[in-house]
Amino acid sequence: MDQRTLSIDPASRQRLTDRFGQSVDGWFTQLPGVLATVVDRWHLDLGAQIPRGSVSIVYRCRFPEGRRAVLKVSPDRARIADEAAALKAWHTVHVPHVIASDAALGALLIEAIDPGVPLDVAAGDPSGEAVAELVSALHLGTSDPSFPPFTHRIEYLFRSSEALYRRDADLGAVVSQEVYARGRELAGRLARAEHRDVLLHGDLTPSNILIGGEERGLVAIDPAPCVGDPAFDVVDLVLWRAADVATVERRAGQLAIVMDVDAALIFSWCVAFASMNALELAAGDGPPAKQIDNLVELATRA
């Protein structure tokens, strides 16, 4: 393998360090050996790194006959194993096909999606029909007892985002910790309420959805599979680029019809997570102030 191929994008390395701590340095030291093993075993021509994500290092690659694929390698071996299991549990064109996986190495090889542009950088917004088709297909997946309940996922998300306050004390002036705590409490109450359990993607953000062309529509990648209330899965899509609270209500109503859930329930989940979304936007580079203000307004309803 070319040494330039093995060079890790500094921003990707920082994201994994932020997530896993300094102990990930040892994993990065072992990464060339892991890559050499899977490239040899799966007969791959390793290409350029895809500089996205905070859980894995991701590469474009090809088979000898030219077929394209994507290789993911992560220090979180359990997450990779769960991801592989979930992708196999979904029998739909709206997720990539698993070509091979090795849980011991934390490696996953999936088909490449064409054109594969992430939704968060694509031109224009997807139609409500396309989003509904994706979500409906995902929630028909075969649930497995090994997948954790979504309460674990919810607690993890709030705990992880809460760390942003410790990195930047000024964020408290944008999203108060009291409002954040109220959202967390609301999410807990919603999770404990009676609901229909389905296999959830668990991380259905615009960055984890690819444009798959006319035949495939939207394609979901990078799941954090868990089992729980289907309304939880659409929060990030309903909140994304919402111009105002009325937009959130309208989107919730549209998806509720297709998903056969109460629109008020989807809206309540959005209220619960609005503070987290606002906090993460405020911690980013050049945050859109209007979007943050809209989210904070929504969050105060918790």
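Note that the structure is a prediction, hence the values are computed from the model and not measured.

(A) Spotlight on helix α4 (residues 77-89). Given a rise of 1.5 Å per residue, 13 residues ought to cover 18 Å, and the 18 Å separating the end C-alpha atoms of α4 matches this to within 8%. Buried positions along α4 lie against α2 (10-20), β3 (68-73), β4 (98-102), β5 (107-111), α6 (150-167) and β6 (198-200).

(B) Region of the structure containing helix α11 (residues 263-282). Taking 1.5 Å per residue as the helical rise, α11 with its 20 residues ought to reach 28 Å, and the 28 Å between its terminal C-alpha atoms agrees with that figure. Its axis deflected by about 45° at Phe 273, α11 carries its strongest bend there. The buried count for α11 comes to 14 of 20 residues, which makes it a mostly enclosed element.

(C) Expanded view of the sheet that holds strand β1 (residues 45-50). Taken together, five strands build an open sheet; the order of strands is β1-β2-β3-β5-β4 and the sheet is antiparallel. Of all the strands in the sheet, just β1 and β4 have a single pairing partner and so form its edges. The mean inter-strand angle of the sheet, taken between neighbouring strand axes irrespective of direction, is 25°. Set on the sheet, helix α3 (residues 24-41) makes contact with β1, β2 (57-62), β3, β4 and β5; between it and β3 the angle comes to about 145°. Strands β3, β4 and β5 of the sheet are contacted by α4, whose axis makes an angle of about 30° with β5.

(D) View of the nonpolar core. The biggest cluster of nonpolar side chains holds 76 residues, and the ones touching the most others in it are Ile 154, Ile 266, Trp 269, Phe 273 and Leu 298. Broken down by element, the residue count for this core peaks at 12 residues, all from α11. Residues contacting Ile 266, with those up to four places away along its chain left out, are Ala 231, Val 234, Val 238, Ala 252, Leu 255, Ala 256, Met 259 and Val 261. One finds Trp 27, Val 39, Ile 57 and Val 73 within the second-largest nonpolar core, a separate group that totals 24 residues.

(E) Spotlight on the packing of α6 against α11. One way to put it is that α6 packs onto α11 with a least axis distance of 9 Å and a crossing angle of 35°. Judged by the sense of rotation from one axis to the other, the crossing of α6 with α11 is left-handed. Where α6 abuts α11, its residues Phe 150, Ile 154, Leu 157, Phe 158, Ser 161, Leu 164 and Tyr 165 lie against Trp 269, Ala 272, Phe 273, Met 276, Leu 279 and Glu 280. A class-by-class count of the residues in the contact of α6 with α11 yields 11 nonpolar, one polar and one charged.

(F) Inspection of the environment of Asn 294 at higher detail. Turning to its location among the elements, Asn 294 is positioned in helix α12 (residues 289-299). With relative accessibility at 9%, the residue Asn 294 sits in the buried group. Those residues in contact with Asn 294 that lie beyond four places of it in its chain are Ala 242, Ala 243, Asp 244 and Val 245.

(G) Geometry of the pairing of β2. Bridge count between β1 and β2: four bridges; the pairing is antiparallel. Paired with Leu 46 across the two strands is Cys 61, which belongs to β2. In this structure, β2 lies alongside β3, joined through six bridges in antiparallel fashion. The partner of Ile 57 across the bridge, within β3, is Val 73. Here β2 folds back onto β3 in antiparallel fashion, the turn holding five residues, of which Gly 66 has a positive phi close to 105°.

Cut-off values and rules
Residues numbered from 1 in each chain as written. Predicted model: local features only at pLDDT ≥ 70, side-chain atom pairs only at ≥ 80, totals over all residues. Heavy atoms only, no water. Helix = DSSP H or I, 4+ residues; strand = E, 2+ residues; numbered from the N terminus. Expected span 1.5 Å × (residues − 1). Contact = heavy atoms within 4.5 Å. Bend = angle between axes of the 7 residues up to and from the residue. Buried < 20%, exposed > 50% of the residue type's maximum accessible area, 1.4 Å probe, protein only. Pairing = 2+ DSSP bridges. Axes fitted to C-alpha atoms, helices over the stretch in contact; angles between N-to-C directions. Core = buried A, V, L, I, M, F, W, Y, C linked by side-chain atoms within 4.5 Å. Left-handed = near helix turned anticlockwise from the far one by under 90°. Nonpolar A, V, L, I, M, F, W, Y, C, P; charged D, E, K, R; others polar.

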